[in-house]
Amino acid sequence: MKLALEEECVHMENKWFFKWYHIGSHDGVVIDDFRGGAIRYAGLAYTGTPTIVYWQTISHYLQQKIGQLFNELEVSVQKYTSIETRRKALSESENLLCIFANKIRQKAVETDQRLRSNGVKFSVVQDRGRWSGTSSAAIARRIVTLVEIYCDQEDENLALGNLMTDTVSLVKADGTMIKENIKARVTRDMITTFDTKLPVAVGDHILRALNNGLVDDFVVLDPSFNSAAGTIKAHFQIKVRRSDHPANSPAQTIQQITQNFHGSHVRVYNDNAIDQSHNVTTINNTGIDLSQLQAFVAELKLNLQSLPEQPRIQIAESLVQLDREMSLGLPEPAKARSIVQSIKSIAENAAGGIISSGIVSMAASVLTGLPI
């Protein structure tokens, strides 16, 4: 791990941080956004929107990277049959992860300071990153949890079994219910279960009913099966993502929600029951897919604060109109189309960036499904 993390630091310095010094050049530069896309800037000063995008992107990278490294660590530590070896590996990993996270944060602050300086006098040091889950204390807490699970219990199966406090259901991509009441451990991007007979595959959905009547919908990315190792029984560690969180682009997410979760085969009730005997009707008699509009509005509200002030205010006003139309239950197609088109136009005219381009793509997808 040490060598890999050192190489990652060098890669980030040469292939990501360095590129920000060229956003003012005539030819411009393309910078990884760590969300499956890219940031493109040319002839811009490092002020305003570019600084916001810089801090949002590097914060997202570090949170994503630390999460990925912990997932890999949890898988690898189970391969050791010796408790002492596991404990040593986790202790060494904690130190390496803290060093790596601190290096990235320090480089982010240093680069930001240099970009804001005029070449003669350095600007004041600022740390505007959102580093939740990446501090040394947060890393230490996660290591302690892994030690408790894989080292401190005489019976590791009992330790893991005690963490299986969630109940989930497996649903195929076409809406076919496969199995309910599966005992599992659900985290943000991983679902663990001892039910090794599950026919789980990439693209399947795993549903978790919440106490508030809502349902978490996770899409399977990698149904990783782990054979028995030492005293730990065979189990699945299923890598997932939330269906309402863009893994690629907002437009693709809307399409996936509509096709896979709001399809015609599965219903999710507020009493947490799942019923396959009836179909969901998301298309009202005006020809509008309400579920698609609702997902569009929800996604906009999540990302609205990341837009510059003027387009944020304009889109917020349009959202109020769209909310009002949907509250009637039967929005007029012409009005809905006009409002979505207005939101798309505002985003197109907004200063560049990941969020505005994502809104344009998402709105275009919604317009395609609206009747003319």
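Residue positions are given per chain, counted from 1 along the sequence in the order it is written. This being a predicted model, a pLDDT of at least 70 is required before a residue's local features are given, and a value of 80 or more before pairs of side-chain atoms are given or counted; all residues contribute to the totals for chains, interfaces and linings. Excluding hydrogens and water, the side-chain values take into account all heavy atoms of the structure.

(A) Fine view of the packing of helix α1 (residues 2-17) against helix α2 (residues 49-77). Here the axes come from fitting lines to C-alpha atoms, over the contacting stretch only for helices, and the angles between their N-to-C directions go from 0 to 180 degrees. Numbering of helices and strands runs from the N terminus; a helix is a DSSP stretch of H or I covering at least four residues, while a strand is a stretch of E covering at least two. Their axes nearest at 14 Å, the elements α1 and α2 cross at an angle of 160 degrees. By the angle class used here, α1 and α2 are roughly antiparallel. In this structure, α1 crosses over α2, and the sense of that crossing is right-handed. Contacts from L5, E8, M12, W16 and F17 of α1 reach α2 at Y54, T57, I58, Y61, K65 and L69. Orientation is classified from the angle alone, with under 35 degrees giving roughly parallel, over 145 giving roughly antiparallel, 65 to 115 giving roughly perpendicular, and any other angle giving oblique. Should the near helix be turned anticlockwise from the far one by less than a right angle, the crossing is left-handed, and should it be turned clockwise, the crossing is right-handed. A contact between two residues is defined here by any heavy atoms of the two lying within 4.5 Å.

(B) Just the pairing of strand β4 (residues 177-186), in detail. Any two strands with at least two DSSP-identified bridges between them are counted as paired. As judged from the five bridges shared by strand β3 (residues 166-171) and β4, these two strands associate in the antiparallel manner. Bridged to D166 within β4 is A184. Joining the antiparallel neighbours β3 and β4 is a turn of five residues, in which G175 adopts a positive phi near 95 degrees. As judged from the two bridges shared by β4 and strand β5 (residues 190-193), these two strands associate in the antiparallel manner. Bridge pairing links V186 to I191 in β5.

(C) The packing of aromatic side chains, seen in detail. Centre distance within 6.5 Å is the pairing criterion for rings of Phe, Tyr and Trp, where only the six-membered ring of Trp is used; planes under 30 degrees apart are then read as stacked, over 60 as edge-to-face, and the remainder as tilted. Evaluated as defined, the whole model comprises 13 aromatic pairs. Their ring planes at 90 degrees and their centres at 5.2 Å tell us that W20 and Y54 sit as a pair that is edge-to-face. In this pair, W20 is assigned in the loop between α1 and β1 (29-32) and Y54 in helix α2, connecting sequence segments 34 residues apart. One exposure class covers both W20 and Y54, and it is buried. Put simply, the rings of W16, F17, W20, F34, Y41, Y46, Y54, W55, Y61 and W131 pair up and form one aromatic cluster. Over the ring of F70 we find R142, and its NZ or CZ is 4.2 Å from the ring centre. Exposure classes here rest on a 1.4 Å probe applied to the protein chains alone. A residue is buried below 20% of its type maximum, exposed above 50%, and partly exposed in between. Definition used: whenever NZ (Lys) or CZ (Arg) falls within 6 Å of the ring centre and also within 35 degrees of the ring normal, the charge is taken to sit over that ring.

(D) Up close: the sheet that holds β3. In space, the six strands of this closed barrel follow the order β3-β4-β5-β8-β7-β6, with antiparallel pairing throughout. Pairwise comparison of adjacent strand axes, ignoring direction, gives a mean angle of 45 degrees for this sheet. Judged from the eight bridges that link them, strand β7 (residues 215-226) and strand β8 (residues 235-242) form a sheet pairing that is antiparallel. Looking across to β8, one finds that S224 is bridged to Q237.

(E) Spatial organisation of the nonpolar core. We call a set of buried residues a nonpolar core when its members are Ala, Val, Leu, Ile, Met, Phe, Trp, Tyr or Cys and they connect through side-chain atoms within 4.5 Å of each other. Of all hydrophobic cores here, the largest spans 42 residues; its most connected members are W16, W20, I58 and F100. For this core, the secondary-structure elements that each account for two or more residues are α1, β1, β2 (38-41), α2, α3 (83-116) and α4 (136-150). No other element matches the eleven residues that α2 contributes to this core. Not counting the four nearest positions on each side in its chain, W16 is found in contact with H11, I31, D32, F34, Y54, T57 and I58. Grouped together as the second largest cluster of nonpolar side chains are 23 residues, L322, A347, V366 and L370 included.

(F) Molecular detail of the side chain of H205. Examined against the element boundaries, H205 turns out to sit in strand β6 (residues 205-209). Pairs of N or O atoms within 3.5 Å make up the polar contacts considered here, provided that, within protein, one atom can donate a hydrogen while the other can accept it, and that residues adjacent in sequence are counted only when both atoms are side-chain atoms. There is a polar contact of 2.7 Å between the side chain of H205 and the side chain of D217.

(G) Main features of α1. One less than the number of residues in a helix, times 1.5 Å, gives the span that helix is expected to have. For α1, with 16 residues, the first-to-last C-alpha span of 21 Å sits near the 22 Å given by 1.5 Å per residue. Looking at α1, one finds that the buried residues are L5, E8, C9, M12, W16 and F17. The inward-facing, buried residues of α1 abut β1, α2 and α3.

(H) Quick look at the pairing of β5. By the alternation rule, side chains of β5 split into M190 and T192 and I191 and T193, which are all buried. Counting the residues between successive antiparallel strands, the hairpin from β4 to β5 contains three residues. The sheet contact formed by β5 and β8 spans four bridges and is antiparallel. The residue bridging M190 from the neighbouring strand is K239, located in β8.

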